[in-house]
Amino acid sequence: MIPFVDFTREYKSLKKEIDEAIHRVLRRGWFVLGPELENFEKRFAEYCDAPYCVGVNSGTDALYLSLLCAGIGQGDEVIVPVNTALPTAMAVSMSGARPVFVDCDESFLIDSKQIVRRINKKTKAIIAVHLYGQACDMDALKKISRRFRLTLIEDCAQATGAMWKGKKVGSFGDFGCFSFYPTKNIGAYGDGGAIITKSKKNYTKLLAERFYGQKDRQVCSIPGMNSRLDEIQAAVLSVKLKYVDTWNRTRQQLALQYRNLIVNPKIVLPTPQGDSQCVYHLFVVRAPKRDAIMKLLKEHGIQTLIHYRTPLHRHPFYAKQEKNSFPVAERYAREIFSLPMYPYLKKQEIKKIATILNNIT
Ligand SMILES: Cc1ncc(COP(=O)(O)O)c(C=O)c1O
């Protein structure tokens, strides 16, 4: 059996440090908005080359609170790639604004050439999603957002540590939004997320927004919610932050191994853009006979998944709002599947997967 991901392997290798971190929080008896979060926020900001970081409940909240902070809501439109995880668009819907979709290119990322024709007077922001661990073309996206004076939000949920031309994702836009869902390149032992920003004003506003809209635990003058990265998760994440670069390098080596070993032209391998330093959150391949191949792999005990089977505009909720078609994303949604990819995946497991894929005629 080769599972898509096996968290027990990671825990086994970090057990001593993780147990110590969790017990430190339990001994201290301080579980929300305490020293562990403060320490993690400081270190995560440094890691991302950003001055400020705010820990929140999830990646979805990170996006939602960024939109709220930018004053985006009812009557506004936000540009979103149609090939992304549902929460990217759902955060926009939660804000009251409407997600306006754009097709992807052959790297699965938002096709920046198609953005401008979807911009109108109501457009207030672009969400750049660094999907599968790749970095979007941030030169193009920054240029468009500057030209039309749009807020630029980066959805870095799948790309902690990825870079565009040597600069970390999340540090280009007005807000960099991260998810620490367990499968992510740095994952909590539960839900978690963070926002990084260059602006002190936004930082102060976000601190209030995640805490019922209060400033200094006293006065509420803006709307907010309860969205706080808790002390246990922050302590776990501080341990894991030390390893994220090593893990990302391992992911890159595993991706290279897949590339070298899979030699069947029926399986199309991913091609990250040249200027993107991909951290392979996922290893997404394409094949016209996708469903049959996934079935075959399952019969050999190999678990694969699809990211994503339904492009966002085809979900009933969004089909009512978006009548355009997005041919590239629609085609890829029929062909893509994700092979196991996580730092503790073994080389002989990749060999086994490649052998099966190479025997497909
Ligand atoms: C691209 C993307 N954006 C946003 C999210 C939302 O993150 P979370 O699950 O932490 O709310 C995810 C996680 O699945 C994601 O993959």
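If you're wondering where the values come from, they're calculated on a predicted model, not measured in any experiment.

**Considerations on a nonpolar patch on the surface**
Then, in step 1: There is a patch of nonpolar side chains on the surface, built from L26, F31 and V32 and spanning about 240 Å² of accessible area.
Then, in step 2: By the secondary structure assignment, F31 is in the loop between α1 (7-28) and α2 (35-47).
Then, in step 3: Residue classification places F31 among the partly exposed positions, given a relative accessible area of 39%.

**Looking at the site of the ligand**
Then, in step 1: Inspection of the region around the ligand gives 15 residues, with G59, T60, D155, Q158 and S179 positioned closest.
Then, in step 2: A distance of 2.7 Å is found between an oxygen atom of the ligand and a side-chain nitrogen or oxygen belonging to S179.
Then, in step 3: Contacts to the ligand include K184, whose side-chain N or O atom sits 3.0 Å from an oxygen atom.
Then, in step 4: Starting from 390 Å² of accessible surface for the ligand in isolation, the protein chains cover 88%.
Then, in step 5: Among the secondary structure elements, those contributing two or more residues to the shell around the ligand are α3 (59-69) and α4 (86-95).
Then, in step 6: Split into classes, the residues belonging to the shell around the ligand amount to five nonpolar, eight polar and two charged.

**Details of the pairing of strand β4 (residues 123-129)**
Then, in step 1: For β4, a buried count of six out of seven residues is recorded, marking the element as mostly surrounded by other parts of the structure.
Then, in step 2: Relative to β4, strand β2 (residues 77-81) runs parallel, the two being bridged by three bridges. The residue bridging E77 from the neighbouring strand is T123, located in β4.
Then, in step 3: As judged from the five bridges shared by β4 and strand β5 (residues 151-155), these two strands associate in the parallel manner. Looking at β5, one finds that I126 is bridged to L152.
Then, in step 4: Handedness of the crossover joining β4 and β5 through helix α5 (residues 138-147): right-handed.

**A look at helix α9 (residues 290-299)**
Then, in step 1: Of all the positions in α9, only R290, I293, M294 and L297 are classed as buried. Viewed along the axis of α9, the buried residues span an arc of 100°, placing them on a single side of the element. Facing away from the buried side of α9 by more than 90 degrees, the exposed set consists of K295 and E299.
Then, in step 2: Each element contacted by the buried residues of α9 is listed here: α11 (327-335), β14 (336-339) and α12 (347-358).
Then, in step 3: Count one or two residues on from α9 and you reach G301, which has phi positive near 80°.

**A short note on the sheet that holds strand β6 (residues 163-164)**
Then, in step 1: In space, the three strands of this open sheet follow the order β7-β6-β12, with antiparallel pairing throughout. Each edge of the open sheet is held by one strand with a lone partner, namely β7 (167-168) and β12 (276-277).

**Notes on the domain arrangement of the chain**
Then, in step 1: Entries for the chain in the domain assignment read domain 1 (7-102 + 109-241) and domain 2 (244-358).
Then, in step 2: One C-alpha centre belongs to domain 1, the other to domain 2; they are set 24 Å apart.
Then, in step 3: The interface of domain 1 with domain 2 comprises 42 residues on the first partner and 36 residues on the second.
Then, in step 4: Roughly 3,200 Å² of surface becomes buried between domain 1 and domain 2 when both sides are summed, with 56% attributable to carbon and sulfur atoms.
Then, in step 5: Broken down residue by residue, the surface that domain 1 buries against domain 2 is led by R9, Y132 and N185, which jointly contribute 24%.
Then, in step 6: Our count for the domain 1 to domain 2 interface comes out at two salt bridges.
Then, in step 7: Linking R118 and E322 is a salt bridge whose minimum nitrogen-to-oxygen distance equals 2.9 Å.
Then, in step 8: Of all the secondary structure elements, the ones that give two or more residues to the side of domain 1 that touches domain 2 are α1, β2, α4, β3 (98-102), β6 and α7 (231-241).

**Concerning helix α8 (residues 244-261)**
Then, in step 1: An ideal rise of 1.5 Å per residue puts 26 Å on 18 residues; α8 measures up with 25 Å between its terminal C-alpha atoms.
Then, in step 2: Buried residues of α8: V244, W247, N248, R251, L254, A255, Q257 and Y258, and no others.
Then, in step 3: Buried-residue contacts for α8 involve α1, α2, α7, β13 (283-286), β14 and α12.

**As for the environment of L339**
Then, in step 1: Residue placement: L339 occurs in strand β14.
Then, in step 2: The class for L339 is buried, based on a relative accessible area of 0%.
Then, in step 3: Separated by 334 residues in sequence, L339 and V5 have C-alpha atoms that sit 9.9 Å apart.

**A few points about the sheet that holds β4**
Then, in step 1: Strand order in the open sheet made by the seven strands is β1-β9-β8-β5-β4-β2-β3, with mixed pairing throughout. This sheet does not close on itself; its edge strands, each paired only once, are β1 (52-56) and β3. Each strand of the sheet is rotated relative to its neighbour by a mean of 25°, with strand direction disregarded.
Then, in step 2: α3 contacts β1, β2, β4, β5, β8 (175-179) and β9 (193-197) of the sheet and is inclined by roughly 160° relative to β8.

The rules we used
- Residues numbered from 1 in each chain as written.
- Predicted model: local features only at pLDDT ≥ 70, side-chain atom pairs only at ≥ 80, totals over all residues.
- Heavy atoms only, no water.
- Patch = residues over 30% accessible without salt bridge, like charges linked within 9 Å, V, L, I, M, F, W, Y side chains within 5 Å.
- Areas by Shrake-Rupley, 256 points an atom, 1.4 Å probe, with all protein chains shown as cover.
- Salt bridge = Lys/Arg side-chain N within 4 Å of Asp/Glu carboxyl O.
- Helix = DSSP H or I, 4+ residues; strand = E, 2+ residues; numbered from the N terminus.
- Buried < 20%, exposed > 50% of the residue type's maximum accessible area, 1.4 Å probe, protein only.
- Near = heavy atom within 4 Å.
- Polar contact = N/O pair within 3.5 Å; in protein donor to acceptor, adjacent residues only side chain to side chain.
- Nonpolar A, V, L, I, M, F, W, Y, C, P; charged D, E, K, R; others polar.
- Pairing = 2+ DSSP bridges.
- Right-handed = clockwise from strand over helix to strand, strands pointing away.
- Arc of directions from axis to C-beta.
- Contact = heavy atoms within 4.5 Å.
- Domains from an automatic or database assignment.
- Buried area = accessible area lost by both parts, 1.4 Å probe.
- Expected span 1.5 Å × (residues − 1).
- Axes fitted to C-alpha atoms, helices over the stretch in contact; angles between N-to-C directions.

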